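# Observations on the three-dimensional arrangement
As a plain string of letters, each chain reads:
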Amino acid sequence: MSLSASYLRPALALFASLTFLANAAFASSPEKPAGPEFGPGVQELVIDDSRTDRPLSGHIWYPTPTPERSPQADKSRVWQMAPADQGAPMVDARFPLLVVSHGMYGNTFNQAWLGSALARRGYIVAMVNHPGTSSFLRDPNHARQLWDRPKDLTRLISFLTENSDWSDRIDPDKIYAAGHSLGGFTVMLAGGALFDTTLYDEGCFGDAQIPVVCDILRGWSVAETPADRRAMSQILRDSRLQKIISLDLGGTPVLSRSSLSSVAIPVLVLGAGRADMLDQDLESRALAKVLPTELVQHIELKSAGHFDFMGVCKPEGYAILKEHEPGDEIVCLKGTDEREAQHRLILNEILSFLEN
């Protein structure tokens, strides 16, 4: 079963990443913070492993020895571009690895601004397009197999650390994950949370309907068969992850409370204070309340919206989307100077969390 037209548009908005965004290229990065400075390099990435049924590709950002080289291609009418020296040589050293999971129907360009900014600060940042739930990969069977999203991150980490030319550039003791919206749900599963079929049944098939989550998961036919229920309920934790970051996640109501209270690594929960897309009481606030107090940092960015974790729009971006993709213009609401200011706050919080 695919998403019906009656709720496709609000679902897309709420889980942040629309088809139009696939052409966004590298949406702009915030001002460079003080501290160690490298150049931002980027390359395309293809995962070469045994999962021929689920090909993975994306981008990898990394520090270069030439901070003065950061050209900006201009390939989008809607989005600004993040600095990217494509194919540049990498600094000969080991760096932390952050894997990033995009939102529903998103792609690896959505958080390119973050990849570029963190590469400048000495991080390798890798992202893949999740089959079934990315901009141009919408096979319904892949979407139904939602348990494969955290496995995508595990495959990405394994490829980079074991089977690629990047393996000697990654510090194996500093491997982290971050995810936006549905990507936040994904990294929570990779961090040790479990999908709860009872909460899912009660929240999506009972009298009360969990906002957003039910429409999307039911639209994808998630956990409908006994085999799929077992697959969704399996342990998907990757023990190599040392810290995880949730960026205005969606999906908290169907995560097992006991598994969340047993998460054993630090978690940064960043919420959108404007609550323009997701109910914070059901999502980020609820998540932070049940995670171990000594391991969770919950920061609600007062003026931030759900789409502020994505790229910066050009001044004309809102009008272009309103004309050509009516309804999608919401992704560019407060999306220029105000979003750049939010990016600075988001980047600082992420760096503080990872480095302390």
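We now turn to the structure provided with this report. (Residues numbered from 1 in each chain as written. Predicted model: local features only at pLDDT ≥ 70, side-chain atom pairs only at ≥ 80, totals over all residues. Heavy atoms only, no water.)

What the 9 strands build is an open sheet, ordered 3-1-2-5-4-6-7-8-9; its pairing is mixed. The open sheet terminates on both sides in strands that have one partner only, identified here as strand 3 (85-86) and strand 9 (296-301). Where strand 8 (residues 267-272) meets strand 9, 6 bridges bridge the pair, whose relative direction is parallel. Within strand 9, the position partnered with valine 269 by the bridge is histidine 298. Where helix 4 (residues 148-162) meets the sheet, its contacts fall on strand 1 (39-46), strand 2 (57-64), strand 4 (95-101), strand 5 (124-128) and strand 6 (170-180), and the angle it forms with strand 4 comes to roughly 155°. Strand contacts of helix 5 (residues 182-190): strand 4, strand 6, strand 7 (243-247) and strand 8, with the helix running at about 140° to strand 6, the strand carrying the most contacts. (Pairing = 2+ DSSP bridges. Helix = DSSP H or I, 4+ residues; strand = E, 2+ residues; numbered from the N terminus. Contact = heavy atoms within 4.5 Å. Axes fitted to C-alpha atoms, helices over the stretch in contact; angles between N-to-C directions.)

This part is about the environment of threonine 154. Mapped onto the fold, threonine 154 is located in helix 4. Taking the C-alpha atoms as reference points, threonine 154 and alanine 190, 36 residues apart in sequence, are found 7.9 Å from one another. Not counting residues within four places of it along the chain, the set of residues in contact with threonine 154 comprises Asp238 and Arg240.

It is worth spelling out the state of the cysteines at this point. Applying the stated criterion across every chain, the model contains 2 disulfides. The disulfide bridge from cysteine 204 ends at cysteine 214, spanning 2.3 Å between sulfur atoms. Note on the cysteine 204 and cysteine 214 pair: the S-S dihedral is about -85°, so by sign convention the disulfide is left-handed. A residue pair is termed long-range when its members are at least 10 positions apart, and cysteine 204 in helix 6 (residues 197-205) and cysteine 214 in helix 7 (residues 213-219) qualify at 10 residues. Residues cysteine 204 and cysteine 214 agree in their burial class; the two are buried. Across a sulfur-sulfur distance of 2.1 Å, cysteine 313 and cysteine 332 are joined as a disulfide pair. Linking cysteine 313 and cysteine 332, the disulfide has an S-S dihedral of approximately -90° and is accordingly described as left-handed. Separated by 19 residues along the polypeptide, cysteine 313 in the loop between strand 9 and helix 11 (317-324) and cysteine 332 in the loop between helix 11 and helix 12 (337-355) bring together distant segments of the chain. Of the residues examined, cysteine 332 reaches a relative accessible area of 6% and is grouped as buried. Counting only the cysteines that form disulfides, in the order they appear in the protein chain, gives the pairing 1-2, 3-4. (Disulfide = S-S within 2.5 Å. Buried < 20%, exposed > 50% of the residue type's maximum accessible area, 1.4 Å probe, protein only.)

Attention now goes to unusual backbone geometry. In the Ramachandran plot, tyrosine 105 falls in the positive-phi region, its phi being about 55° despite a non-glycine side chain. Here tyrosine 105 lies in the loop between strand 4 and helix 2 (112-120). Overall, the relative accessible area of 6% leaves tyrosine 105 in the buried class. The backbone of serine 221 shows a phi angle near 60°, a positive value even though the residue is not glycine. Mapped onto the elements, serine 221 comes out in the loop between helix 7 and helix 8 (226-233). Note on serine 221: relative accessible area 8%, which makes it buried.

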